[in-house]
Amino acid sequence: MFQGGRTIDPMAVNIDIAPTLLDAAGAPVLPGMQGRSLLPLLKGNPSDWRRDFLYEYSWEAGGPFTPSMVGLRTERYSYTEYLGIWDRNELYDIQNDPDQLNNLLRDSKVPNYGGNPLKDPELRKAVEGFRKRIAEIRRP
């Protein structure tokens, strides 16, 4: 179907596996199924591919203590908000820090709901953009 032994740059996530297998088998992707077939990318047709994705986790009363969180992963950044529990969010420049060791927000209090704005105008603009995009994706 395609030439092997090469890498592709577009962002692929685990929810793309099932649509890819269905596409390869000639079966339709089921209604409501998330993700997209990777076959067009593998065949060299990366038209209109995703540039970001949302991830969410909701606290479970019966499980270990992990805060509810929502995040956005873009081609360059990984941004995470811890909803209503902690006052520290996370922002990593994954091009320059692929192991996510340097939280760009570590010296700034970034409350989840209102509060003090970031002092660095570039970071403030980035965080505002991430929050806006998260709201767009989550909008029903």
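Residues numbered from 1 in each chain as written. Predicted model: local features only at pLDDT ≥ 70, side-chain atom pairs only at ≥ 80, totals over all residues. Heavy atoms only, no water.

A few points about unusual backbone geometry
For clarity, the cut-off: Categorising residues by exposure relies on relative accessible area from a 1.4 Å probe, with only protein chains included: less than 20% of the type maximum marks a residue as buried, more than 50% marks it as exposed, and the intermediate range marks it as partly exposed.
Phi is positive for Gln100, which is not a glycine, with a value near 50 degrees. On the accessibility criterion, Gln100 (31% relative accessible area) is partly exposed.

Examining the environment of Tyr77
The condition that has to hold: Strands are runs of DSSP state E lasting at least two residues, helices are runs of H or I lasting at least four, and both sets are numbered from the N terminus onward. When checking whether two residues touch, look at their non-hydrogen atoms; a contact exists if any pair is within 4.5 Å.
Within the secondary structure layout, Tyr77 lies in strand E3 (residues 77–82). Look at Tyr77 and you get partly exposed, because its relative accessible area is 22%. For the pair Tyr77 and Phe130, spaced 53 residues apart in sequence, the C-alpha to C-alpha distance is 9.5 Å. With sequence-adjacent residues up to four places away left out, Tyr77 is seen in contact with Leu72, Leu91, Tyr92, Asp93, Ile94, Leu104 and Phe130.

Topic: the confidence of the model for the protein
Fine structural detail should not be taken from predicted coordinates in areas where pLDDT scores are low. Using the following cut-off: A residue's pLDDT is the confidence the predictor assigns to it, expressed on a 0 to 100 scale.
Counting all residues, the mean pLDDT for the protein is 82, and 84% of those residues have values of 70 or more. Looking over the protein, one finds the lowest element-wise mean pLDDT in helix H2 (residues 39–42), namely 87, and the highest in helix H1 (residues 17–24), namely 94. Below pLDDT 50 for its whole length, residues 110–116 participates in 19 contacts with residues either more than four positions away or in separate chains.

Focus: the pattern of salt bridges
Using the following cut-off: In the sections that follow, a salt bridge refers to a side-chain nitrogen of Lys or Arg positioned within 4 Å of a carboxyl oxygen of Asp or Glu.
Evaluation of the coordinates by the stated rule reveals seven salt bridges. In this structure, the salt-bridge partner of Glu81 is Arg131, at a minimum N-O distance of 2.6 Å. Of the two residues, Glu81 sits in strand E3 while Arg131 sits in helix H3 (residues 121–138), which places them 50 residues apart along the sequence. For the salt bridge of Arg133 with Glu136, the shortest nitrogen-to-oxygen distance reads 3.3 Å. Within this pair, Arg133 and its partner Glu136 are both found in helix H3, separated by three residues, close to a single helical turn. One network of salt bridges, with partners in common, ties together Asp52, Arg133 and Glu136.

Regarding the packing of aromatic side chains
Our working rule: Pairs were defined over the aromatic rings of Phe, Tyr and Trp, the Trp ring being its six-membered one, requiring ring centres within 6.5 Å. Orientation was assigned from the angle between planes: stacked under 30 degrees, edge-to-face over 60, tilted for the rest.
Applying the stated criterion to the full structure yields three aromatic pairs. Here the aromatic rings of Tyr79 and Phe130 are separated by 5.5 Å at their centres, their planes lie at 25 degrees, and the arrangement is stacked. On the criterion of sequence distance, the pair formed by Tyr79 in strand E3 and Phe130 in helix H3 is long-range, its members being 51 residues apart. What makes Tyr79 buried here is its relative accessible area of 0%. An aromatic cluster of three or more residues is present, and its members are Tyr77, Tyr79 and Phe130.

Considerations on the sheet that holds E3
Through backbone hydrogen bonds, the strands of a sheet pair up, either in parallel or in antiparallel fashion. Selection rule: Strands are labelled as partners when DSSP assigns at least two bridges between them. Orientation is described by lines fitted to C-alpha atoms, with helices fitted over the stretch in contact, and by angles between N-to-C directions that extend from 0 to 180 degrees.
Read from one edge of the open sheet, four strands run E1-E2-E3-E4, paired in antiparallel fashion. On the outer flanks of this sheet lie strand E1 (52–57) and strand E4 (90–93), each paired with one strand and no other. For this sheet, the mean inter-axis angle between neighbouring strands, taken without regard to orientation, is 10 degrees. Across four bridges, the pairing between E3 and E4 is antiparallel. The residue bridging Tyr77 from the neighbouring strand is Asp93, located in E4.

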